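Structural description and commentary
Chain residues, written in single-letter form:
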Amino acid sequence: MPESLGETMSLYSPEWAPIIASKTQDQILTGRISGIEKIKINDQVMECAVVFYGDIKVYIPFEWMGIPREDWTIVRSMMGAEIDFIIRHIDAARKITLASREYAMKLRRELELPKHKVGDKILVRIDAVGKNEVIAEVYGVETRIPKNEVEYGYVGNLNDYVQVGDKVPAIIKELDLEKGIVKVSIKDAKPDPREKIGIKYVKGGEYFGIVRGRRIFPKKDDIIELIFVELEKGITAACITPPWKAEKLQDLKPGDAVNVKIVGISRSKNIYGHIIRKQRRGAV
């Protein structure tokens, strides 16, 4: 049965000191989302994220998570994410509280964001990891980071690069304080491995690599399938199989080890190649 939030009370003991300070002084607290429950608030049953602050249970209604209603499903993928919140109501008798992440984000946005500018290297908190993008919190602003801004080269499963709850370096690419818009790149906070292309990896050379994925692209009245082969972390060759090798290589899967011959390198350091030999299955 959903619980009902009781009368607001105060308990002046060490474990409650930060809770009271948050309630009375708008002090921002931080904790990890550990669950989701339904409770009754003012005769209305509401879904809430649950944070355990020591032995004190903090309920954050979805309405106060700072997430649009149409995106509430994201909350479930945020399990384990570290979030900010400010206590709004206290029921000390039952050791439960009601808090707002949205209010904490607003304060963080007003206090911290103006200190930064485009080009700054900062830490962002990963709130959710999807198929094609990562959701991160940047000083009170939730921003979406597309997979091509997470890592160099071909990026398959984003969970191989970041996890919910991670704090990772990123570069601010766009900042609009008035509109509360921040765009960041995790990739740009790392050394660019593509500087090695043309020196370490050259046109005409044959190199060992690992198949990371396959993708079909339209090409005029036809389609073309590219196989993405990782030569090293952050350096990927977009490959095709030559017609005379197509039958032997048609069953290539992610993890297979292959030999790649580089047939072209673009000005933007994109590598194009032919897969000329399969080494073994399930290499990495």
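Our structure is the block above this text.
Now for a quick tour of the structure. Remember, predicted model here, so these are calculated numbers, not experimental data. (Residues numbered from 1 in each chain as written. Predicted model: local features only at pLDDT ≥ 70, side-chain atom pairs only at ≥ 80, totals over all residues. Heavy atoms only, no water.)

**Observations concerning the side chain of Lys187**
With respect to the helices and strands, Lys187 occurs in the loop between strand 11 (181-185) and strand 12 (206-219). Look at Lys187: it is buried, it has no salt bridge, and the nearest opposite charge is Glu149 at 4.3 Å. Setting aside anything within four residues of it in sequence, one finds Lys187 in contact with Asn148, Glu149, Val150, Glu151 and Tyr152. (Helix = DSSP H or I, 4+ residues; strand = E, 2+ residues; numbered from the N terminus. Buried < 20%, exposed > 50% of the residue type's maximum accessible area, 1.4 Å probe, protein only. Lys, Arg positive; Asp, Glu negative; His and termini not counted. Salt bridge = Lys/Arg side-chain N within 4 Å of Asp/Glu carboxyl O. Contact = heavy atoms within 4.5 Å.)

**Section: the packing of aromatic side chains**
Going through the model one piece at a time under the given rule, you end up with four aromatic pairs. With a centroid separation of 6.2 Å and 90 degrees between ring planes, the pair formed by Tyr53 and Phe85 is classed as edge-to-face. Taken together, the positions of Tyr53 in strand 3 (residues 44-53) and Phe85 in strand 5 (residues 82-91) put the pair 32 residues apart, joining distant regions of the chain. Its relative accessible area of 24% is what places Tyr53 among the partly exposed residues. (Phe/Tyr/Trp six-rings, centres within 6.5 Å; stacked < 30°, edge-to-face > 60°.)

**Things to note about the nonpolar core**
Across soluble globular proteins, nonpolar side chains show a tendency to be buried alongside one another. The biggest cluster of nonpolar side chains holds 26 residues, and the ones touching the most others in it are Ile60, Met65, Met78, Phe85 and Ile87. Mapped onto this core, the elements with two or more residues apiece are helix 1 (17-25), strand 2 (29-41), strand 3, strand 4 (56-61), helix 2 (74-77) and strand 5. Tallying contributions element by element places strand 5 first for this core, with four residues. By size, the runner-up hydrophobic cluster in this structure holds 20 residues, among which are Val129, Ala170, Ile172 and Val184. (Core = buried A, V, L, I, M, F, W, Y, C linked by side-chain atoms within 4.5 Å.)

**Structural notes on the sheet that holds strand 9 (residues 141-146)**
An order of 9-8-7-10-11 is seen for the five strands of this open sheet, with the pairing classed as antiparallel. For this open sheet the edge positions go to strand 9 and strand 11, each flanked by a neighbour on one side alone. Across the sheet, the mean angle separating the axes of adjacent strands is 50 degrees when strand polarity is ignored. In this sheet, strand 11 lies alongside strand 10 (residues 167-176) in antiparallel orientation, the contact comprising five bridges. Paired with Ile171 across the strands is Ser185, a residue of strand 11. (Pairing = 2+ DSSP bridges. Axes fitted to C-alpha atoms, helices over the stretch in contact; angles between N-to-C directions.)

**Describing unusual backbone geometry**
With phi around 55 degrees, Asp26 is a residue other than glycine that occupies positive phi space. Mapped onto the elements, Asp26 comes out in the loop between helix 1 and strand 2. Its identity as a non-glycine residue notwithstanding, Lys269 has a phi of 70 degrees, on the positive side. Along the chain, Lys269 turns up in the loop between strand 15 (257-265) and strand 16 (271-280).

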